[in-house]
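Structure assessment
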Amino acid sequence: MTISYAVVTASDVAYFSYIYSIIPMENYQRATGYLRSAVLFGYTFGAGLGQILISLAGLDYFHINAITLGVVSVAFLLSFWLPKPKRSMFFKGRKAVALGQKSQQTRPVGAADETVSDAGSGKRKMEHNDSTGCYICRHLIYWSLWWALATAGYTQIMNYIQLMWDHIEPSATSSVYNGGVEAACSLVGAAAALSVSHIKVNWTVWGELALGVFSAIGAGAVFLTALTSNIWACYAGYALFKSCYMLLITVTTFQIAANLSLECYALTFGINTFVALVLQTVMTLIFVDEATLGVDIETQFIIYGSYHAAISALFMIRGVYTVCATPSSPGPSDMEKERDDTAEVIYAESF
């Protein structure tokens, strides 16, 4: 189960990196909205189908898992027909590698070995410059910070929301509609993600404030989920929280991608996701594991709500400062300027 989850997480990072490598940068916002909504529509279909097969057809979980395996296998086969990227998505020592290959053909054997060593050193230096350049721009750091923090909280809530539902309305004494609720929540999240494709906003100015505002709404939804005794109110709180997260993660993804070089996509997405999973693991060890605090499910969700409220406060303050400090006159964004400066520094060092 753990291995399967790791593969799915890695595939998500790889797929978005692949998509950004084959489309023009001006289409990133629209493509990200379409991709995220497509994924959520898939969740909607899967959760809805599972609810129907369990409630009406009476299938057990073994057959549900078998159907899931079949669908995933079909998707795997379809991936072979996807277009190949026109450029490499991995680090290359550009000039160093080229010089090394050319020197191998024109120099004696001993000299060629030395040249290959120099080329390898240049390649390692280029990789270091590219990897550090991914986080030089301060706006990218803020977006990545929100990604890691919010994704950790979202994953934790998603993992334990069904325990909360069972706590409010035990499945042993009532009908279970968890699959249908997941389908409805994913549909709402898909609509939120799709709306990003048509929103025209200067995200460099208003993005951090939007992160703070919608994180506050999500925190309120988590508090509603934790404090209510009505199962339908709990469902509504989860739907609102998920839609806010999906809207913001869609914006965050294309904002980060639009200000990175091609080679940095997978690296940055992977680091952000890794940090999020580390934070989520730490929360599990502290609040869920019986060997540590092992708090009850209601207290857990109050803690998660407080966690998202802290994220909201952080980005609300930063967002207000950014809006107030930004000149009203139009001009190139600070992020674009920093990206150009970063690219110049990286290429100057590499050559």
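You'll find the structure just up there.
Residues numbered from 1 in each chain as written. Predicted model: local features only at pLDDT ≥ 70, side-chain atom pairs only at ≥ 80, totals over all residues. Heavy atoms only, no water.

1. Points about the side chain of Thr44
Operational definition: For helices the rule is a DSSP run of H or I covering at least 4 residues; for strands it is a run of E covering at least 2, with both sets numbered from the N terminus onward. A 1.4 Å probe rolled over the protein chains alone gives each residue an accessible area, and that area as a share of the maximum for its type sets the label: buried under 20%, exposed over 50%, partly exposed in between. Counted as a polar contact is a pair of N or O atoms within 3.5 Å, where, for protein atoms, one must be capable of donating a hydrogen and the other of accepting one, and residues adjacent in sequence contribute only when both atoms are in side chains. Throughout, a residue-residue contact means that at least one pair of heavy atoms, one from each residue, lies within 4.5 Å.
Here Thr44 lies in helix α2 (residues 28-55). The exposure class of Thr44 is buried, given its relative accessible area of 15%. Of the polar contacts made by the side chain of Thr44, one reaches the backbone oxygen of Ala183; its length is 3.3 Å. Those residues in contact with Thr44, other than ones at most four positions away along the chain, are Ala183, Ser186 and Leu187.

2. A few points about the nonpolar core
The cut-off we apply is this: Take the buried residues of types Ala, Val, Leu, Ile, Met, Phe, Trp, Tyr and Cys, join any two whose side-chain atoms come within 4.5 Å, and each joined set is a nonpolar core.
Counting residues in each nonpolar core, the largest one holds 61 residues, and the members touching the most others are Tyr20, Trp146, Trp165, Tyr265, Phe269 and Phe301. For this core, the secondary-structure elements that each account for two or more residues are α1 (2-22), α2, α6 (138-168), α7 (178-196), α8 (203-227), α9 (231-257), α10 (265-288) and α11 (297-325). Tallying contributions element by element places α9 first for this core, with 15 residues. Setting aside residues no more than four positions away along its own chain, Trp146 makes contact with Thr151, Leu211, Ser215, Tyr245, Leu248, Ile249, Thr252, Ile311 and Phe315.

3. Looking at the packing of α8 against α11
Heads up, the rule is: In this analysis, axes come from line fits to C-alpha atoms, helices being fitted only over the stretch in contact, and the angle between any two N-to-C directions falls in the range 0 to 180 degrees. Here the angle decides the label: under 35 degrees means roughly parallel, over 145 means roughly antiparallel, 65 to 115 means roughly perpendicular, and every other value means oblique. Crossings are classed by handedness, with left-handed meaning an anticlockwise turn of the near helix from the far one by less than a right angle and right-handed meaning a clockwise turn. Each residue is assigned to one of three groups, with Ala, Val, Leu, Ile, Met, Phe, Trp, Tyr, Cys and Pro labelled nonpolar, Asp, Glu, Lys and Arg labelled charged, and all others, Gly among them, labelled polar.
Relative to each other, α8 and α11 sit at 160°, their axes nearing to 7 Å. The angle between α8 and α11 falls in the class roughly antiparallel. The interaxial crossing formed by α8 with α11 has left-handed handedness. Along the lines of polarity and charge, the residues of the contact of α8 with α11 split into 20 nonpolar, ten polar and three charged.

4. Section: the pattern of salt bridges
Where we set the bar: The term salt bridge refers to a side-chain nitrogen of Lys or Arg lying within 4 Å of a carboxyl oxygen of Asp or Glu.
Applying the stated criterion to the full structure yields two salt bridges. A salt bridge links Lys242 to Glu182; the shortest N-O distance between them is 3.6 Å. Linking Lys242 in helix α9 with Glu182 in helix α7, this pair joins segments that are 60 residues apart in sequence. For the residue pair Lys242 and Glu182, the accessibility class agrees, reading buried in each case. Note that Glu208 is salt-bridged to Arg318, the shortest N-O span being 3.2 Å. With Glu208 in helix α8 and Arg318 in helix α11, this residue pair connects regions lying 110 residues apart in the sequence. Taken individually, Glu208 and Arg318 each receive the classification buried, so the pair is uniform in this respect.

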